[in-house]
Amino acid sequence: MSQDAIAPFPIHVPQEELDDLAARLAHTRWPGADSVPDGSQGPRGTDIRALVARWRQGYDWRATEAMVNGWGSSRTVIDGLGIHFLHIRSPEPDATPLLLTHGWPGSILEFRDVIGPLSDPQAHGGTPSDAFHLVIPSLPGFGFSDQPREPGWGVGRTAAAWSTLMTRLGYGARWMAQGGDWGAAVTTTLAHMRAPGLAGIHLNFVMFRPTPDEIAAASAEERQMLADAARYDRDYSGYMKLQCTRPQSVGFGLADSPVGLAAWIYALFQDVSDSGGAPERLFALDHLIDDMMLYWLPNAGPSAARFYWEAAQEMAQGVPDAPVPLPTGISMFPGEQVRLSRRWAEARFADLRFFAEAERGGHFAAMENPGRFVAHLRATRRAIA
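First, a word on scope: everything that follows refers to the structure included in this document.

Conventions we followed
- Residues numbered from 1 in each chain as written.
- Predicted model: local features only at pLDDT ≥ 70, side-chain atom pairs only at ≥ 80, totals over all residues.
- Heavy atoms only, no water.
- Pairing = 2+ DSSP bridges.
- Helix = DSSP H or I, 4+ residues; strand = E, 2+ residues; numbered from the N terminus.
- Buried < 20%, exposed > 50% of the residue type's maximum accessible area, 1.4 Å probe, protein only.
- Polar contact = N/O pair within 3.5 Å; in protein donor to acceptor, adjacent residues only side chain to side chain.
- Contact = heavy atoms within 4.5 Å.
- Salt bridge = Lys/Arg side-chain N within 4 Å of Asp/Glu carboxyl O.
- Axes fitted to C-alpha atoms, helices over the stretch in contact; angles between N-to-C directions.
- Parallel < 35°, antiparallel > 145°, perpendicular 65-115°, else oblique.
- Core = buried A, V, L, I, M, F, W, Y, C linked by side-chain atoms within 4.5 Å.
- Expected span 1.5 Å × (residues − 1).
- Left-handed = near helix turned anticlockwise from the far one by under 90°.
- Nonpolar A, V, L, I, M, F, W, Y, C, P; charged D, E, K, R; others polar.

1. Points about the sheet that holds strand S9 (residues 352-357)
So, step 1. Spatially, 9 strands are ordered S1-S2-S3-S5-S4-S6-S7-S8-S9 in an open sheet, and the strand pairing comes out mixed. With partners counted over all chains shown, the strands left at the sheet margins are strand S1 (7-8) and S9, one partner each.
So, step 2. One ladder, built from 5 bridges, connects strand S6 (residues 175-179) with strand S7 (residues 198-203); its direction is parallel. Opposite Met 176, over in S7, you have Gly 200 as the bridge partner.

What follows is the structure in structure tokens.
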């Protein structure tokens with residue numbers, strides 16, 4: 001098989017790996033009693049114990065495995081690294097190719113509830129012209145993509161690989177890209193690169209720093225955005241600072257303890273979703289566990305954490321400060337900790353075609369409010385067409 005071949009990649013986790021996981025869960029050494037009744041120190045013991053109880057009794061990985069394999073689980077090698085991705089062809093032949101990129105601690109399963117409406121809109125209340133062919137890759141070091149064995153696989157190299165992937169799949173003439181979290185950084189970089197055939201992008205997260213003038217002239221709504229971003233930096237960003245500077249420090253625990261990994265991931269679903277600190281209100285436990293399994297089974301916890309270190313090295317060398325040149329749609333969800341106003345967006349995007357605020361949802365937009373996520377993507381495609 002040639003290096004640039006696209007090959008089916010069905011997931012079949014050996015039973016002994018699931019047995020090992022079960023044994024580790026059964027022999028968990030738990031922390032002592034919590035000293036506070038809420039999540040101000042991180043995940044509560046009762047919440048993680050409940051999640052692990054479900055993980056041990058009732059959760060079915062094989063069902064998830066079959067679901068992933070049913071979505072065109074595939075693999076190709078780009079720039080020496082194996083990339084795992086889902087490829088869902090729409091039944092509509094004229095569908096727009098769409099690249100969806102997840103972030104941390106998300107995965108390709110962030111998009112499980114939007115795959116049907118995006119790829120087959122007629123079956124989900126839309127029209128054939130709303131259809132997308134979907135390409136959903138796992139970031140380098142995440143999920144079943146290969147884990148880099150050398151430095152350099154950060155946002156820029158990933159964006160270049162994604163451009164190659166879309167061309168290799170035959171979508172190089174005209175396509176769109178969407179992302180949140182690190183997916184937003186990769187998607188924005190694709191736009192700055194003017195990747196061949198990229199017609200426009202959609203973001204549900206924007207990495208930016210307000211200028212002193214913007215801070216001084218902030219409206220009441222923008223002042224609330226600044227306050228929320230400051231709270232995130234003060235109270236919720238410890239994971240980011242650790243992973244940007246010493247990812248290997250936590251990597252050993254993420255590789256060795258499924259409960260340690262679960263708590264590390266759960267903390268973000270607790271802190272940056274629109275759940276009031278109780279993610280079980282929004283997410284089925286099985287869906288949270290599915291996400292954790294895409295870190296545990298391929299031992300991707302440490303390599304995913306290193307993506308932060310890679311991105312930090314890139315940012316230290318400077319990032320583009322010119323406005324994003326391609327047509328863009330932006331969705332802001334109220335539970336997102338780092339948000340920007342339309343006015344601030346217009347200063348950073350040269351061709352802002354769509355901007356809207358959702359009534360609910362947070363950082364994991366496609367999981368928390370899939371209906372609005374789909375509607376905004378469709379609206380962005382129409383605005384770009």
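Next comes the rest of the account.
2. A word on unusual backbone geometry
The phi torsion of most residues other than glycine is negative, and most of the peptide bonds are trans.
So, step 1. Going from Trp 104 to Pro 105, the amide bond is cis rather than trans, its omega being 0°.
So, step 2. Mapped onto the elements of the fold, Pro 105 is located in the loop between strand S4 (96-101) and helix H4 (115-119).
So, step 3. One non-glycine residue, Asn 299, lies in positive phi territory at about 55°.
So, step 4. By the element assignment, Asn 299 lies in the loop between helix H12 (285-296) and helix H13 (301-316).
So, step 5. Given the relative accessible area of 35%, Asn 299 is considered partly exposed.

3. Let's talk about the pairing of S4
So, step 1. Of all 6 residues making up S4, 6 are buried, and the element is well covered by its neighbours.
So, step 2. Alternating residues of S4 divide into Thr 96, Leu 98 and Leu 100 and Pro 97, Leu 99 and Thr 101, and every residue in both groups is buried.
So, step 3. The sheet contact formed by S4 and strand S5 (residues 132-137) spans 4 bridges and is parallel. Opposite Thr 96, over in S5, you have Phe 132 as the bridge partner.
So, step 4. As paired elements, S4 and S6 share 4 bridges and run parallel to each other. From the neighbouring strand, Leu 99 faces S6, where its bridge partner is Ala 177.

4. Observations regarding the side chain of Ser 145
So, step 1. Topologically, Ser 145 is positioned in the loop between S5 and helix H5 (155-168).
So, step 2. At 3.0 Å, the side chain of Ser 145 and the backbone nitrogen of His 84 are in polar contact.
So, step 3. A distance of 2.7 Å separates the side chain of Ser 145 from the backbone oxygen of Ser 138, its partner in a polar contact.
So, step 4. Residues within four places of Ser 145 in sequence aside, it is in contact with Gly 82, Ile 83, His 84, Ser 138, Leu 139 and Pro 140.

5. A word on the pattern of salt bridges
So, step 1. This model, assessed by the stated rule, comprises 19 salt bridges.
So, step 2. The salt bridge involving Asp 290 is made with Arg 112; its shortest N-O contact spans 2.9 Å. With Asp 290 in helix H12 and Arg 112 in the loop between S4 and H4, the pair connects residues that are 178 residues apart, well separated along the chain.
So, step 3. As a salt-bridge pair, Asp 351 and Arg 353 come within 2.8 Å of each other at their nearest N and O atoms.
So, step 4. Assessed through its relative accessible area of 23%, Asp 351 is described here as partly exposed.

6. Section: the side chain of His 376
So, step 1. With respect to the helices and strands, His 376 occurs in helix H16 (residues 370-384).
So, step 2. Of the residues examined, His 376 reaches a relative accessible area of 7% and is grouped as buried.
So, step 3. For His 376, the side chain forms a polar contact with the side chain of Ser 331, separated by 2.7 Å.

7. Concerning the packing of H5 against H13
So, step 1. Across the interface, H5 lies against H13 with an axial gap of 8 Å and an inter-helix angle of 105°. In terms of orientation, H5 lies roughly perpendicular with respect to H13. Contacts between H5 and H13 pair Val 155, Gly 156, Arg 157 and Thr 158 from the former with Phe 307, Ala 311 and Glu 314 from the latter.

8. Some details on the nonpolar core
So, step 1. In this structure, Trp 55 and Leu 190 are the most contacted members of the largest nonpolar core, which totals 111 residues.
So, step 2. Considering each element in turn, this core owes the most residues, 8 residues, to helix H11 (residues 258-272).
So, step 3. Residues within four places of Leu 190 in sequence aside, it is in contact with Leu 99, Ala 159, Trp 162, Ser 163, Trp 175, Ala 177, Ala 195 and Leu 198.

9. Thoughts on H12
An α-helical segment advances 3.6 residues per turn. Residues three or four places apart therefore align on the same side.
So, step 1. In this model, H12 (12 residues) spans 16 Å end to end at C-alpha, consistent with the 16 Å of a helix rising 1.5 Å per residue.
So, step 2. In terms of residue burial, H12 counts as a mostly covered element, since 9 of its 12 residues are buried.
So, step 3. Turning to H12, its buried residues number three or more, namely Leu 288, Ile 289, Asp 290, Asp 291, Met 292, Met 293, Leu 294, Tyr 295 and Trp 296.
So, step 4. Buried-residue contacts for H12 involve helix H1 (15-26), helix H2 (45-56), helix H3 (61-69), helix H10 (247-256), H11 and H13.

10. A word on the packing of H11 against H12
In a pair of packed helices, the angle between the axes and the distance between the axes together describe the arrangement.
So, step 1. Here H11 crosses H12 at 125°, and the two axes come no closer than 10 Å. In terms of their interaxial angle, H11 and H12 are classed as oblique. Between H11 and H12 the crossing geometry is right-handed. The segment H11 lies against H12, with Pro 258, Leu 261, Ala 262, Ile 265, Tyr 266 and Phe 269 engaging Leu 288, Asp 291, Met 292, Tyr 295 and Trp 296.
So, step 2. Split into classes, the residues belonging to the contact of H11 with H12 amount to 10 nonpolar, no polar and 1 charged.

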